[in-house]
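Chain residues, written in single-letter form:
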Amino acid sequence: MHFVIILLLISFATTTQTTSIFGDIQLELTHIDHGQNLTKLELLTRAAHRSRARASLLHAMDCTSNPISRTNIPFHASGALEFVLELAIGTPPKPYPFLLDTGSGLIWTQCKPCSKCMKQPSPIFDPSKSSTFSHLSCSDNLCQALSQSNCTRNQCQYFYSYADQTYSIGDFARETFTLGTNSDVKVSMAIGCGHTNAGNLNNSSGIAGFSRDETSMVSQLGIPGFSYCMNDDINKRTQLKFGTQEEIFRDIKAKVQATKFVDPPPGIEAYAGLYFVSMTGITVGTKRLSIPKSVFDKAMIVDSGSTFTELPNVAYNKLKKALQSSTKWSPSNITILDLECFSTGSIRPSQVKLPKLIFHFPGMNLDIPRDNYIVDMDEKGVMCLAIMNADSFGIIGNNLQTNMQVLYDLKNSKLVIAPNQC
C-alpha cells in the first residue's frame, strides 16, 4: 500500500516551540492503488508481494541468520516501500516524490549532473538552479553522523546502500524545503544529492528516512512524534500528523495504550534507530496461547514499509492452529504468495464469526479487529489470514494498524495506540 503524503510544516526555533506548532499539522496520505480499479484479489496479491519483499530485506539485516550482513558494511532495507511523500526542494521550490522509509535514516534525491540515475517521474533536481543549495563541510555534525562518508575539498560526500542493492553516492548538502502545496513555509535540512544511483526507486526521485538516526527527516525537524490513522478504503485519504501524545490524542475518547521502544535484537545492534517493540504473547478468544517467551526474544519491528504483519514461526503456527480450531475452516486451493487462505463452505466468508484476537506487549494489550487480520473474498468463498510467518524477528505491518491512531513518540521513545475511525 503506497501513499502520497503532502506535508505542511512550519519552521521552528526551539524544541518547545516545535511541540506546540506541530500539534496542528494535518497531512494527507493517498493510496498508490487509488483509482486503478483493481479487484480485491489483485490488491491482495500486490500487497502480499510488496510485504514479503520488504520483510526479506529487513530480515537480511539480521547477521545471526544472514552471513552477508556479518561484513559490517552498513546497509538498510528499502525495497517495496509503502508510502511516498511529496516535498518541494530548493529556491525556487520544485516538488519531488520521495519514498518514506522508517527503516532508514537519510533524505536523498537524484541530482544533476547525474553519471548514473534511475528513472523518475519528475525532472532530476539541479542544485545549480537553486540559490539555497550549499555543501556541508566534513566537520559538520551531520556529516560525522553518516554511516559512510568521504571528504573532498572539505565537502562532505555520502554513500548509502540498501539490502535490495539500491544505492546512492553524492554530495551531502544543506537545502531549503518548502513544505506544502500552497505554502511559503520553509525549513532547512541536510539532504543527499545523489550523482551516482542505482536500484529501484518505485517511480520516485529519492528516499526520505524516518528512522531515529540523527540524519533522518524526523530527527532534523526536531518533532516530538509523528502519527497516522490508516483507513480501510484505498479511495479515501488518510491523515498523518506531527506532535505530542497530548496533541495527537486530545479528541480521541477510546483507551490510549503505549509500549516502549526497545533496543534491536542481537545481531543488528547497528540499527538502533529503527522502531522495535517487545511482544509478550497472543490471546485467541479467552485463551492465551502457550508460546515460549524465547520465541519473541528478537522483538518486533514497527515498519511503514510492510503491509502485512509477520510473526515468528512458532507463534504464527500456534495462532493459525487456534483460529482453525475455533472456526473449523479448511485449507483453500487459492494461494496468494505466503498468505494462507481457507474455504468457508456454504457460509459467506464475511459472515464467519471469529474469536477475539489480542496481541500483548509490555503496558499494552492490543485488541486486533477482525478486518485487520482477515481478508474476506466472498466472491471466491475464501478468507485469508493477513499475517505471515517469519524466520527471524516479527514485523507489525500497516494492515494490522487499520482504524487505529498510531503515534511514534520520539520524545519519550514509545509507541502509542488507540482505536479510531479513520
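Everything discussed here concerns the structure shown above.
Residues numbered from 1 in each chain as written. Predicted model: local features only at pLDDT ≥ 70, side-chain atom pairs only at ≥ 80, totals over all residues. Heavy atoms only, no water.

Q: Would you mind going over the overall build of the chain in detail, with residue names and values included?
A: Counting its secondary structure elements, the chain contains seven helices and 29 strands. Across the 422 residues of the chain, 57% fall into the buried class. By sequence separation, contacts in the chain at least 24 residues apart represent 69% of the contacts at least 6 residues apart. Summed over its atoms, the accessible surface of the chain is roughly 17500 Å², and 50% of this surface lies on carbon and sulfur atoms. (Helix = DSSP H or I, 4+ residues; strand = E, 2+ residues; numbered from the N terminus. Buried < 20%, exposed > 50% of the residue type's maximum accessible area, 1.4 Å probe, protein only. Contact = heavy atoms within 4.5 Å. Areas by Shrake-Rupley, 256 points an atom, 1.4 Å probe, with all protein chains shown as cover.)

Q: Give me the packing of aromatic side chains: which residues, what numbers.
A: Tallied over the full model, the rule gives 12 aromatic pairs. Ring centres of Phe159 and Tyr167 lie 6.3 Å apart, and the angle between their planes is 40 degrees; on these two criteria the pair is classed as tilted. Taking relative accessible area as the criterion, Tyr167 reaches 22% and is therefore assigned partly exposed. Where Tyr275 meets Tyr408, the ring centres are 4.9 Å apart and the plane angle is 80 degrees; that geometry is what we call edge-to-face. Taken together, the residues Tyr275 in the loop between β14 (257-262) and β15 (276-277) and Tyr408 in strand β28 (residues 404-409) connect sequence positions 133 residues apart. (Phe/Tyr/Trp six-rings, centres within 6.5 Å; stacked < 30°, edge-to-face > 60°.)

Q: Tell me about the environment of Thr259, and name the residues and values.
A: Residue position: Thr259 is located in strand β14. Residues Thr259 and Ile417 lie 158 residues apart in sequence; the distance between their C-alpha atoms is 8.9 Å. Beyond its immediate chain neighbours, meaning those up to four positions away, Thr259 contacts Val277, Phe361, Pro362, Met364, Lys414 and Leu415. A distance of 2.8 Å separates the side chain of Thr259 from the backbone oxygen of Pro362, its partner in a polar contact. (Polar contact = N/O pair within 3.5 Å; in protein donor to acceptor, adjacent residues only side chain to side chain.)

Q: Which residues make up the pairing of strand β25 (residues 382-385), and what values go with them?
A: The alternating pattern of β25 places Val382 and Cys384 on one face and Met383 and Leu385 on the opposite face, and all of these are buried. Across three bridges, strand β21 (residues 341-343) lies against β25 in antiparallel orientation. By the bridge assignment for β25, Phe342 is matched with Met383. Both strand β24 (residues 374-377) and β25 contribute to a ladder of four bridges, which runs antiparallel. Paired with Ile374 across the two strands is Leu385, which belongs to β25. (Pairing = 2+ DSSP bridges.)

Q: Explain the pattern of salt bridges to me, and be specific about the residues and the numbers.
A: Using the criterion set out here, one finds six salt bridges in the structure. Asp367 is the salt-bridge partner of Lys356, the closest N and O atoms lying 2.6 Å from each other. You can see Lys356 sitting in the loop between β21 and β22 (357-361) and its partner Asp367 sitting in strand β23 (residues 364-368), a full 11 residues away along the chain. On the basis of relative accessibility, which here comes to 44%, the residue Lys356 falls in the partly exposed class. Among the residues examined, Asp367 registers a relative accessible area of 37% and is labelled partly exposed. Taking the shortest distance from any N to any O, the salt bridge between Asp376 and Arg370 comes out at 2.5 Å. Salt bridges sharing common partners tie together Arg370, Asp371 and Asp376. (Salt bridge = Lys/Arg side-chain N within 4 Å of Asp/Glu carboxyl O.)

Q: Any chance you could break down the side chain of Ser122 for me, citing the residues and the numbers?
A: Relative to the helices and strands, Ser122 resides in the loop between β5 (107-110) and β6 (134-135). Ignoring any residue separated from it by four or fewer positions in sequence, one finds Ser122 in contact with Pro95, Tyr96, Pro97 and Ser205.

Q: Tell me about the nonpolar core, and name the residues and values.
A: Formed by 69 residues in total, the largest nonpolar core has its most connected members in Ile282, Leu311 and Phe359. If you tally residues by element for this core, the top one is helix α6 (residues 313-327), at five residues. Here Phe359 is in contact with Met279, Gly281, Ile282, Thr309, Leu311, Met364, Asn365, Leu366, Ile368, Ile387 and Leu400, once residues within four sequence places are set aside. By size, the runner-up hydrophobic cluster in this structure holds 17 residues, among which are Trp108, Tyr162, Ala190 and Ile207. (Core = buried A, V, L, I, M, F, W, Y, C linked by side-chain atoms within 4.5 Å.)

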